[in-house]
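What follows is each chain in one-letter form.
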Amino acid sequence: MNITLYGAGAVGGLIGARLAASGNDVSVIARGRTLDAIRAHGLRLQSDDGTKAFPVEAGDDPRRFGVQDLVVLAVKATGLQEVARHIAPLLGPETIILTAMNGVPWWFFDAIEGPLAGTRLPSLDPQGVLAKAMPASQVIGCVVHLSSSCPEPGLVKPGFGNRLIVGEPAGGRSARLDKVAALLAEACFDTEASADIRSDIWYKLWGNMTMNPVSAITGATGDRMLDDPLVRRFCLAVMQEAADIGARIGCPITQSGEDRMEVTRKLGAFKTSMLQDAEARRPLEIDALVTAVHDIGKLVGVATPNVDALLGLVRLFGQSHGLYPREASFP
Ligand SMILES: NC(=O)C1=CN([C@@H]2O[C@H](COP(=O)(O)OP(=O)(O)OC[C@H]3O[C@@H](n4cnc5c(N)ncnc54)[C@H](OP(=O)(O)O)[C@@H]3O)[C@@H](O)[C@H]2O)C=CC1
Ligand SMILES: CC(C)(CO)C(=O)C(=O)O
């Protein structure tokens, strides 16, 4: 199987290095210092046994690599429009695009039936550019239940967790889903093939959509957010609204907010990816994690005063720090 990583940061780099370690032919689309580092040293993975380097083909122009069997897409959601402009040479009719990202993906309503089928959210893909370049029919969704970081470009440091959930956008099982799940399992991830990846995405989002923006605004690690009774109460109110939306869109949440917080508490004094982005002055994934929930709430008639308050605050934070577009429209 020939595999290209689109985005070789913390998550893409980890998946790519593990796929290379398990004997796959991996190439990498990267840019800037990450591209320079991978060209010079290979894709490097830290582990308890030391750092291992995997030599991979790397470049910034997808035309150089041609049609792939699998493209692992692991950029921040804020980078997707640019990916959409350049990804075409990697995609043939059978190419699978594995979206290993947080938040609501552009294809979330594209492969389902019912009144929301084909809904295009203004916050994610208003013109349908992503859907055209990366159609849901070629996507396998991936929920990333692990943490990872890049202490320096091209060097990946796994954190806690090792779980990846993969699934068809339309739900159910398929031969290609089983193939991708087996590939990731061979690469030593705890892999689960889900018959309902949209619910798995919503469940992960249910935790991230509070912790990530609140941490970006406050600079606080996970433990401090959970320990503050007022912040905790606010987060639970946001989660209740998101759970109400989930129930209307076929993604019910069966856990209590408190129990979900206990899962997060096990991560200790961790910095969310959005806090890391804010500290590094990188664009924030506000739209995929928060605006999209606000938009879906509006669509299905769930009032979201707490989601809206969070969105207003994190958006202003992002705009004041140059990490979110100033021209973003105010709902
Ligand atoms: N890190 C974590 O622990 C977790 C992250 N996630 C999610 O996974 C997704 C990926 O996150 P993460 O790996 O942390 O992000 P990173 O910022 O570490 O990696 C993204 C990489 O993609 C590169 N990139 C973006 N656009 C392009 C492009 N057009 N061409 C080439 N390279 C490009 C970036 O390059 P550059 O640096 O030049 O911008 C960067 O190297 C996000 O949705 C995140 O929320 C989910 C669970 C845990
Ligand atoms: C690492 C983890 C799970 C923490 O919420 C995450 O997804 C993030 O920081 O974005």
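Residues numbered from 1 in each chain as written. Chains lettered and ligands numbered in written order. Predicted model: local features only at pLDDT ≥ 70, side-chain atom pairs only at ≥ 80, totals over all residues. Heavy atoms only, no water.

### With respect to the domain arrangement of the chain
- According to the domain assignment, the chain consists of domain 1 (2–195) and domain 2 (200–320).
- On a C-alpha basis, the centres of domain 1 and domain 2 stand 23 Å from each other.
- Every contact between the two is made by 23 residues of domain 1 and, on the other side, 26 residues of domain 2.
- In this assembly, domain 1 packs against domain 2 so that about 2,100 Å² is buried in total across both faces, 71% of it on carbon and sulfur atoms. (Domains from an automatic or database assignment. Contact = heavy atoms within 4.5 Å. Buried area = accessible area lost by both parts, 1.4 Å probe.)

### Digging into the nonpolar core
- Residues Leu73, Met134 and Trp202 are the most contacted members of the largest nonpolar core, which totals 73 residues.
- Tallying contributions element by element places helix α6 (residues 197–218) first for this core, with nine residues.
- Each of domain 1 (2–195) and domain 2 (200–320) contributes no fewer than three residues to this core.
- Formed by 38 residues, the second largest nonpolar core is a distinct cluster that contains Leu14, Ala30, Leu177 and Leu184. (Core = buried A, V, L, I, M, F, W, Y, C linked by side-chain atoms within 4.5 Å. Buried < 20%, exposed > 50% of the residue type's maximum accessible area, 1.4 Å probe, protein only. Helix = DSSP H or I, 4+ residues; strand = E, 2+ residues; numbered from the N terminus.)

### Section: the pattern of salt bridges
- Counted by the stated rule, this structure contains 15 salt bridges.
- When the shortest N-O distance is used, the salt bridge between Arg31 and Glu82 registers 3.3 Å. With Arg31 in the loop between β2 (25–29) and α2 (32–41) and Glu82 in helix α3 (residues 80–86), this residue pair connects regions lying 51 residues apart in the sequence.
- A relative accessible area of 59% means that Arg31 is categorised as exposed.
- The shortest N-O distance in the salt bridge between Arg64 and Glu57 comes to 2.9 Å. (Salt bridge = Lys/Arg side-chain N within 4 Å of Asp/Glu carboxyl O.)

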